[in-house]
Amino acid sequence: MSRNQALLAPRLGLGTWKMGSSPGERNAEVAALRAGIEMGVNLIDTAEMYASGGAEEVTGEAISHYDRESLYIVTKVLPSNASREGTIQACEASLKRLGIDQVDLYLLHWVSSYPLAGTVEAFETLAERGLIKSWGVSNFDVYEMQDLYRLDAGGNCGVNQVYYSLGQRGVEFDLLPWQVEHDVATMAYCPLDKGRLPKDMRLLSIAEKHRATIAQIGLAYLMQNPSVVPIPKSSNVSRVKENANARSIRLDKEDLDQLDAIYPPPERAMPLFTS
Ligand code: NAP
């Protein structure tokens with residue numbers, strides 16, 4: 001059984017990038033996150049970077065109604081704050097904005113110029129103090145994961161959050177197999193290619209076959225791998241419900257072959273794609 005069972009169980013999460021930027025959108029954003037939670041999508045991904053803490057505040061408002069134990073909250077430290085002391089202060093500030101005592105998963109947003117060993121020590125200290133349950137990284141390529149795993153406690157990293165979508169399948173060549181081998185879960189960010197994928201009419205026939213939408217096919221493709229959790233963002237209640245319903249779609253070999261023809265799998269290692 002994977003050590004990331006709590007992360008992988010919901011199979012899908014809710015992204016929050018761009019939320020918290022505009023006061024006029026706040027009610028819709030809170031409603032969208034609550035719609036997801038009501039449908040059992042209890043994993044929310046946010047970051048201190050998003051709207052300079054605004055997305056964490058929206059998340060805090062959205063989750064305030066719910067039993068904390070039923071939720072899985074992910075947030076991230078900015079690389080510019082990821083010194084040994086800075087990471088601890090950043091986490092405390094995130095917890096305050098979220099209105100909770102403990103984050104389920106705390107990520108380093110991307111590689112920092114601070115020594116990684118210091119960030120890892122800070123993560124371990126936060127875990128000992130009970131401020132985080134687990135930690136991981138984001139935007140790390142294979143060689144960076146290998147560097148991390150060489151550090152004391154580096155193997156405690158349970159997650160790498162990377163850009164992964166039908167339109168960007170490069171991670172399938174080397175990073176995904178490495179992570180499966182090391183029991184590191186993959187959180188797939190920009191799973192809808194920032195809204196471009198749902199407009200790709202080449203996927204319409206597969207969508208129609210499943211009485212689904214193109215967006216749902218893109219998400220179902222990623223969820224087909226049990227070690228991958230996509231985290232689409234939507235501030236719209238009906239699109240959140242649409243995305244949540246993608247969990248019931250099973251693609252067959254014919255669908256997967258057709259998707260391979262439209263979005264060919266990588267044939268060689270490629271640099272990690274980032275947003
Ligand atoms: P995304 O989820 O691929 O796409 C979001 C866009 O798609 C929004 O414009 C949304 O519009 C639209 N959309 C959502 N559901 C849709 C549907 N069913 N049909 C049509 N359009 C739909 O892109 P993302 O927000 O950049 O990435 C997802 C999350 O990953 C972020 O929110 C963030 O939490 C995380 N992320 C992490 C990193 C990192 O460096 N670790 C980088 C980028 C993102 P509406 O809101 O209007 O529905």
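Residues numbered from 1 in each chain as written. Predicted model: local features only at pLDDT ≥ 70, side-chain atom pairs only at ≥ 80, totals over all residues. Heavy atoms only, no water.

**What about the overall build of the chain?**
And step 1. The number of helices and strands found in the chain is 11 helices and 7 strands.
And step 2. Compactness check: the chain gives a C-alpha radius of gyration of 18 Å against a globular reference of 19 Å for 275 residues, within 12% of the reference.
And step 3. If one aligns the C-alpha atoms of the chain with their principal axes, the spans along those axes are about 55 × 45 × 35 Å.
And step 4. The 275 residues of the chain split such that 54% are buried.
And step 5. Considering only contacts in the chain between residues 6 or more positions apart, those separated by 24 or more positions represent 79%.
And step 6. Of the roughly 12100 Å² of accessible surface on the chain, 51% is carried by carbon and sulfur atoms.
And step 7. If you average the places of the 27 positive and of the 35 negative side-chain charges in the chain, the two averages end up 5 Å apart. (Helix = DSSP H or I, 4+ residues; strand = E, 2+ residues; numbered from the N terminus. Rg over C-alpha atoms; globule rule 2.2 N^0.38 Å. Buried < 20%, exposed > 50% of the residue type's maximum accessible area, 1.4 Å probe, protein only. Contact = heavy atoms within 4.5 Å. Areas by Shrake-Rupley, 256 points an atom, 1.4 Å probe, with all protein chains shown as cover. Lys, Arg positive; Asp, Glu negative; His and termini not counted. Charge placed at Lys NZ, Arg CZ, Asp CG, Glu CD.)

**Considering the sheet that holds strand E3 (residues 103–108)**
And step 1. In space, the 7 strands of this open sheet follow the order E1-E2-E3-E4-E5-E6-E7, with parallel pairing throughout. The two strands at the open ends of the sheet, each matched to only one other strand, are strand E1 (43–45) and strand E7 (228–230). In this sheet, neighbouring strand axes are inclined to one another by 25 degrees on average, regardless of whether the strands run parallel or antiparallel.
And step 2. In this structure, strand E2 (residues 72–77) lies alongside E3, joined through 4 bridges in parallel fashion. When the sheet's bridge partners are listed, valine 77 is paired in E3 with leucine 108. (Pairing = 2+ DSSP bridges. Axes fitted to C-alpha atoms, helices over the stretch in contact; angles between N-to-C directions.)

**Describing the environment of glycine 130**
And step 1. Looking at where glycine 130 falls in the secondary structure, it is placed in the loop between helix H5 (116–128) and strand E4 (132–138).
And step 2. Classification of glycine 130 as partly exposed rests on a relative accessible area of 28%.
And step 3. When the C-alpha positions of glycine 130 and valine 103 are compared, they lie 8.8 Å apart, and in sequence the two are 27 residues distant.
And step 4. In contact with glycine 130, other than residues within four places in its own chain, are Asp101 and Gln102.

**Describing the pairing of E2**
And step 1. Counting buried residues in E2 gives 6 out of 6 residues, a clear majority hidden from the surface.
And step 2. Inspection of the sheet shows E1 paired to E2 by 3 bridges, in the parallel sense. Each bridged residue has a counterpart across the sheet, and for isoleucine 44 the counterpart in E2 is isoleucine 73.
And step 3. In this fold, E1 hands off to helix H3 (residues 54–63), which returns the chain to E2; that crossover is right-handed.
And step 4. You can see the chain leave E2, run along helix H4 (residues 84–98) and come back into E3, and the turn it takes is right-handed. (Right-handed = clockwise from strand over helix to strand, strands pointing away.)

**Some words on the state of the cysteines**
Here, the word disulfide means a covalent bond between the sulfur atoms of two cysteines.
And step 1. Scanning the entire structure with this criterion turns up 0 disulfides.
And step 2. Free of any disulfide, cysteine 157 has its nearest cysteine sulfur in cysteine 91, 16 Å distant.
And step 3. You can call cysteine 157 buried: its relative accessible area is 0%. (Disulfide = S-S within 2.5 Å.)

**Here's the deal with the side chain of serine 138**
And step 1. Topologically, serine 138 is positioned in strand E4.
And step 2. For serine 138, a relative accessible area of 1% corresponds to the buried category.
And step 3. Apart from the residues lying within four places of it in its own chain, the contact partners of serine 138 are Leu108, His109, Trp110, Val111, Asn160, Gln161 and Tyr189.

**Description of the side chain of aspartate 193**
And step 1. Positionally, aspartate 193 belongs in the loop between strand E6 (185–189) and helix H8 (204–209).
And step 2. Although buried, aspartate 193 forms no salt bridge, and the nearest oppositely charged side chain, arginine 196, lies 4.4 Å from it.
And step 3. If we ignore the near neighbours within four places in the chain, the residues touching aspartate 193 are Tyr163, Ser165, Gly167 and Gln168. (Salt bridge = Lys/Arg side-chain N within 4 Å of Asp/Glu carboxyl O.)

**Quick notes on the nonpolar core**
And step 1. If you look at the biggest cluster of nonpolar residues, it comprises 76 residues, and the most contacted ones within it are Tyr106 and Met145.
And step 2. Aside from chain neighbours lying at most four places away, what touches methionine 145 is Val137, Phe140, Cys157, Asn160, Leu175, Trp178, Gln179 and Val184. (Core = buried A, V, L, I, M, F, W, Y, C linked by side-chain atoms within 4.5 Å.)

**Examining helix H6 (residues 142–150)**
And step 1. Within H6 the residues assigned to the buried category are Val142, Glu144, Met145 and Leu148. For H6, the angular spread of buried residues about the axis comes to 160 degrees, placing them on one side. Among the exposed residues of H6, those oriented more than 90 degrees off its buried face are Tyr143 and Arg150.
And step 2. Contacts made by the buried residues of H6 are with H5, E4, strand E5 (159–163) and helix H7 (175–181). (Arc of directions from axis to C-beta.)

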